[in-house]
Amino acid sequence: MGINFKLKAISLALALVTLPVGAAVAQESYPAPIVKLVTHSSPGGGSDVFLREMLPYLQPYLGPKLVVENVTGGSGAKAMSTVASSTPDGSWFYATTPTYIYTSLLSTPEATYKDMEPLVNVFYDPEVIYTSVDSKFQTLPDVIAAAKQGRGKWGAANPASLERQVLEQIKAKTGVNASIITFEGGGDMQINVLNGTLDIGVGEIGEIRAQLDAGKLRMLAVVGDHRLNLFPDLKTAKEQGIDVSVVKFRGLAGPKNLPPAVIAAWEAAIPKLLEDPKYKKIYTENDLEPGFMKHDEYVSFMNKFGSDTQAFLKASGVIQ
């Protein structure tokens, strides 16, 4: 019994010795013991996967306990309201993507992106169009041709998502009359692609990776300006004759008036996280592109993205 006690004591001592120095500093300086990271995605959706894969590696560099909260509904409206109305003490943040800009502009949510304060950006996340491996579609032009002959069924994460806008742009560019069906998250939409209810879906590599590796999904195009590092043979939509390209960012925002100490802690933690070899292996496998922006830069970026998106939606006749 005495020996077991000594062994446990030695193990504890070794664990404390091997704890990263940055983690001890972060735990002393961060003002909140628990941080809740809110996403509008359902489990298995893009933001949900992004947060859950990141948290175990981020925690040592930031300090507090990190947990994910799935607050679905209203294309992100409920999640935004939850974070915008929270106390600005560093304990609540929202996983930002273009969806929260589109939701703010396309509807009248209780809280909009202007009611939150951008914190930092972490990644750029390429979008891909995919189908079931059992489908007849081998290329994106195959999907367009089928939609011209009949009426295609295309899937997007939710009504106000960037993915929805991608499909709307493809419809406008090609003149097809496809039905766009939306869901509360990419995980739900993916199921409908797998069972053949939908011809195609739009999402991120991290979101579809498990089914991709299992050989159940086939990627048809990258909706960006360049091919993916891990899938160099996958052509962009532009290379296949469809002039559509988008950029998806992944970062965090909190309630207004975040304390300087909270901002500083995140600005110090994220670069360390992105250099962590174990985490780098994970995000590289998902073709995530590091896109760290400090707080001030991210605020400017978000203001410009919001105004540019509003101008695009007005020019397209989507909003007045």
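Counting starts from 1 at the beginning of each chain's written sequence and moves along it residue by residue. Local features in this predicted model are restricted to residues whose pLDDT is 70 or higher, and side-chain atom pairs enter the listing and the counts only when it is 80 or higher, whereas totals over whole chains, interfaces and linings include all residues. The side-chain numbers reported here are obtained from all heavy atoms of the structure, hydrogens and water having been left aside.

Caption draft 1: Fine view of the sheet that holds strand 2 (residues 65–70). An order of 2-1-3-10-4-11 is seen for the six strands of this open sheet, with the pairing classed as mixed. The open sheet terminates on both sides in strands that have one partner only, identified here as strand 2 and strand 11 (289–293). Between one strand axis and the next, the sheet turns by 25° as a mean value, whatever way the strands run. Strand pairing follows a simple DSSP-based rule, namely that at least 2 bridges must link the two strands. In DSSP terms, a helix is any run of H or I states spanning at least four residues, a strand is any run of E spanning at least two, and both are numbered starting from the N terminus. By the bridge criterion, six bridges tie strand 1 (residues 34–39) to strand 2 in an arrangement that is parallel. Each bridged residue has a counterpart across the sheet, and for lysine 36 the counterpart in strand 2 is valine 67. A contact between two residues is defined here by any heavy atoms of the two lying within 4.5 Å. Lines fitted to C-alpha atoms define the axes, with helix axes restricted to the stretch in contact, and inter-axis angles between N-to-C directions lie between 0 and 180 degrees. Most of the contacts of helix 4 (residues 77–84) go to strand 3 (residues 92–96), to which it runs at about 145°, and overall it touches strand 1, strand 3, strand 4 (116–124) and strand 10 (249–255).

Caption draft 2: Layout of the packing of aromatic side chains. In this analysis, rings of Phe, Tyr and Trp, with Trp reduced to its six-membered ring, are considered paired at centre separations within 6.5 Å, and the interplanar angle assigns stacked below 30 degrees, edge-to-face beyond 60, and tilted for intermediate values. Scanning the model with the defined rule gives 13 aromatic pairs in all. Ring centres 5.0 Å apart and planes at 90° place the aromatic pair phenylalanine 249 and phenylalanine 305 in the edge-to-face group. Taken together, the residues phenylalanine 249 in strand 10 and phenylalanine 305 in helix 12 (residues 295–315) connect sequence positions 56 residues apart. By the burial criterion, phenylalanine 249 is buried, and phenylalanine 305 matches it. Pairwise contacts between aromatic rings join Phe50, Tyr57, Phe123, Tyr279 and Tyr283 into one cluster. Relative accessibility under 20% of the residue-type maximum defines a buried residue, over 50% an exposed one, and the middle range a partly exposed one, all with a 1.4 Å probe and only protein chains included.

Caption draft 3: Molecular detail of the pattern of salt bridges. Take a side-chain nitrogen of Lys or Arg and a carboxyl oxygen of Asp or Glu: if they are within 4 Å of each other, that pair is a salt bridge. Under the criterion given, the structure shown has 15 salt bridges. With a closest N to O distance of 4.0 Å, lysine 36 and glutamate 69 form a salt bridge. Of the two residues, lysine 36 sits in strand 1 while glutamate 69 sits in strand 2, which places them 33 residues apart along the sequence. Residue class for lysine 36 comes out partly exposed when judged on its relative accessible area of 28%. For glutamate 69, a relative accessible area of 27% corresponds to the partly exposed category.

Caption draft 4: How the structure looks around helix 6 (residues 140–149). Burial in helix 6 covers these residues: Leu140, Val143, Ile144 and Ala147. Summarising the axial view, the buried residues of helix 6 lie within an arc of 95°, below the 170-degree limit, and thus occupy one face. Note that the arc is computed from the directions linking the helix axis to the C-beta atoms.

Caption draft 5: Spotlight on the pairing of strand 4. Of all nine residues in strand 4, eight are buried, a share of seventy percent or more. Inspection of the sheet shows strand 4 paired to strand 11 by three bridges, in the antiparallel sense. The residue bridging asparagine 121 from the neighbouring strand is methionine 293, located in strand 11.

Caption draft 6: Quick peek at the side chain of threonine 96. Structurally, threonine 96 is set in strand 3. At 2.8 Å, the side chain of threonine 96 and the side chain of tyrosine 298 are in polar contact. Setting aside anything within four residues of it in sequence, one finds threonine 96 in contact with Phe249, Arg250, Gly251, Leu252, Ala253 and Tyr298. N or O atoms closer than or at 3.5 Å make up a polar contact, with two conditions inside protein: a donor-capable atom paired with an acceptor-capable one, and, for residues adjacent in sequence, both atoms drawn from side chains.

Caption draft 7: Here's a closer look at the sheet that holds strand 8 (residues 200–204). Read across the open sheet, the five strands follow the order 7-6-8-5-9; overall the sheet is mixed. Whereas interior strands pair on both sides, the edge strands pair on one side only; in this sheet they are strand 7 (179–182) and strand 9 (217–222). Each strand of the sheet is rotated relative to its neighbour by a mean of 30°, with strand direction disregarded. Of the pairings in the sheet, the one linking strand 5 (residues 127–132) to strand 8 comprises four bridges and is antiparallel in character. For valine 128, the partnering residue across the bridge sits in strand 8 and is glycine 203.

Caption draft 8: Local environment of the nonpolar core. For our purposes a nonpolar core is just a set of buried Ala, Val, Leu, Ile, Met, Phe, Trp, Tyr and Cys residues, chained together by side-chain atoms within 4.5 Å. Core analysis: the largest hydrophobic core is formed by 45 residues, its most contacted members being Tyr94, Tyr100, Ile101, Trp154 and Ile170. Leave out the neighbours within four places in its chain, and isoleucine 170 touches Ile129, Ile144, Trp154, Ile242 and Val244. With 31 residues, the next largest nonpolar core counts Val35, Met54, Ala95 and Leu288 among its residues.

Read these as geometric descriptors, not functional statements.
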